[in-house]
Amino acid sequence: MSDGLTPRPEHKFSFGLWTIGHPGRDPFGDATRPPIDPVDFVRGLAKIGAWGVSFHDDDLMTFGAPESQRRAELDRFKAALAETGIVCSMATTNLFWHPMFKDGAFTSNDRNVRRLAIQKVLRNLDVAAELGAPTYVLWGGREGVESAASKEPRDALDRYKEALDFLCGYVRDQGYAIRFALEPKPNEPRGDTFLPTIGHALGFIQMLEYPEMVGLNPEVAHETMAGLSFYQGVAQALWQGKLFHIDLNDQKIGRYDQDLRFGSEGIKDDFFLVRLLEASGYDGPRHFDARPYRNDGGEGIWDFARGCMRTYLVLAQKAREYDLDPRVQEAMAKAGVPELAESTVGRYSADSAARLKAESFEPDRLADRTYGNEALDQLVIDRILGV
Ligand code: GCO
Ligand code: MN
Ligand code: MN
């Protein structure tokens, strides 16, 4: 089949072990379907044309189990990867499930919890390196507060930085080819999370000892929860060379974290997102951090996974058609889209400043210009709706 909508490994679609296999547990109800064994998960991914898999340490190896058991669990996963050709594209740490993390991990007020959290990451970095994962995600699940009285936020940021600097030092020392990707989220499970948005995380990275080793893993749902445009945030991360990984899913604005199937809600933002990713030269995973509707099960969970990939490919196709459409090119010219790519004044020199100060403009004529954005945007809508 070459309709362009069949997922193939070169599309680099990946899924976390906690996603398709999510048992449907929520704060109000128990699991609605059985978990999937990691080996079956990897085989299922190969069957639907996916390329990669990601994992939390605890998804793969039983927390607290003897080393021999953890080794056996890891080895059978490795065998499944070898058997299917599925790549381990990202690793991360569960620093949120165990009750000891209730006050945070890197930013817990309890120094021993903080030390244990860093130890847990160090140990899983060895696993990540063994599996060849190039990216290590740090989602700040419990890093935050309910009561502002409970932590001095500047101390928390010091401790966050201390942890990152230490982990980067370890990776350098071991010679691992691993980079870190911070995953911002505004809230949930904490009332307020540290590093709540893409912008906060980008600012934080500049304060680190090895800023070149740390980038972002932004997620559609998380920026949308905060009422922000994911597309604009990802564009800035790309602009700063910081898009190391991406969590694709979907979300209604202003709700709890819904982790919906990619492309099932915010189609217009998703259209521009896919167009941006495809045009930007981003060659990392198209990673889905989403979960099937809780009332689905059986083959339905694989329908969910196929749907994430299909919608991505449909939007990529629509984006190509949009950019080739002569009416779009004309409307973009009228809107001045290519004009924004031209330099405004160039580098500063005393001469060019003097020339600019002497130049005369016609403000009323400039104000008279129209940009044709209504027509341009309608072309977007027509393309998405397929007319
Ligand atoms: C969430 C997060 C997580 C992380 C995952 C990897 O809101 O639950 O998106 O799914 O992405 O823990 O760090
Ligand atoms: Mn999420
Ligand atoms: Mn995520």
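Structure's up top.
Each chain has its residues counted from 1, following the order in which its sequence is written. Here every chain gets a letter starting at A, and every ligand a number starting at 1, in the order they are written. Note on the predicted model: pLDDT of at least 70 is required for a residue's local features to be given, and 80 or more for side-chain atom pairs to be given and counted; whole-chain, interface and lining totals, by contrast, use all residues. Side-chain measures here rest on the full set of heavy atoms in the structure, leaving out hydrogens and waters.

Help me understand helix α8 (residues 230-239), please; the structure alone is not making it clear to me.
Side chains of residues three or four places apart in an α-helix project in the same direction, reflecting 3.6 residues per turn. Those residues of α8 that fall on the buried side of the exposure criterion are Phe 230, Gly 233, Val 234 and Ala 237. Down the axis of α8, the smallest arc covering the buried residues is 95°, so these residues share one side. The exposed set on the far side of α8, more than 90 degrees from its buried face, consists of Gln 232 and Trp 239. Contacts were defined at the residue level, with two residues in contact if any of their heavy atoms lie within 4.5 Å. The helix count covers DSSP runs of H or I at least four residues long, the strand count covers runs of E at least two residues long, and both are numbered beginning at the N terminus. Those residues of α8 hidden inside the fold are in contact with α6 (198-205), β8 (214-216), α7 (220-225), β9 (247-248) and α9 (267-280). Positioned one or two residues after α8, Gly 241 has a phi angle of 65°, which is positive. Throughout, exposure labels follow a simple rule: accessible area from a 1.4 Å probe, protein chains only, divided by the maximum for the residue type, with under 20% read as buried, over 50% as exposed, and the rest as partly exposed. Relevant arc is that of directions from the helix axis to the C-beta atoms, nothing else.

How should the site of ligand 1 be read in this particular structure?
For this description, a residue counts as near a given molecule or strand if any of its non-hydrogen atoms is within 4 Å of it. Neighbouring ligand 1 are 13 residues, the closest being His 56, Glu 183, Lys 185, Glu 219 and Asp 257. In the analysis that follows, any N or O atom pair within 3.5 Å is treated as a polar contact, provided that within protein one partner can donate a hydrogen and the other can accept it, and provided that, for residues neighboring in sequence, both atoms belong to side chains. At 3.3 Å from an oxygen atom of ligand 1 is found a side-chain nitrogen or oxygen belonging to Trp 18. In this structure, His 222 approaches ligand 1 through a side-chain N or O atom, which is 3.0 Å from an oxygen atom. Charged means Asp, Glu, Lys or Arg here, nonpolar means Ala, Val, Leu, Ile, Met, Phe, Trp, Tyr, Cys or Pro, and polar covers whatever is left, Gly included. Grouping the constituent residues of the shell around ligand 1 by class yields four nonpolar, three polar and six charged.

Explain the coordination of the manganese ion (ligand 3) to me, please; I cannot follow it from the model alone.
When a metal holds four donors in a tetrahedron, each ideal angle between them is 109.5 degrees; when it holds six in an octahedron, the ideal angles are 90 or 180 degrees. Those protein atoms acting as donors to the manganese ion (ligand 3) are Glu 183 (OE), Glu 219 (OE), Asp 247 (OD) and Asp 289 (OD), and they sit at 2.0 to 2.2 Å. Its six donor atoms give the manganese ion (ligand 3) angles of 80 to 175° at the centre, a pattern that matches the octahedral case. For Na, K and Ca the donor cut-off is 3.2 Å, while for other metals it is 2.8 Å, and in both cases only N, O and S atoms qualify; water is not among them, so sites may look incomplete. Summarised as a motif, the one-chain spacing of the donors to the manganese ion (ligand 3) is E-x35-E-x27-D-x41-D. A distance of 3.9 Å spans the gap from the manganese ion (ligand 3) to the manganese ion (ligand 2), which Glu 219 bridges by coordinating each metal. With a gap of 106 residues between them, Glu 183 in strand β6 (residues 179-183) and Asp 289 in the loop between β10 (286-288) and α10 (300-324) connect regions that are remote in the sequence. For the pair formed by Glu 183 and Asp 289, the shared burial category is buried. Every angle between 85 and 135 degrees makes a four-donor site tetrahedral, while opposite donors more than 155 degrees apart, with all other angles between 65 and 115, make a four-donor site square planar and a six-donor site octahedral; other sites are irregular.

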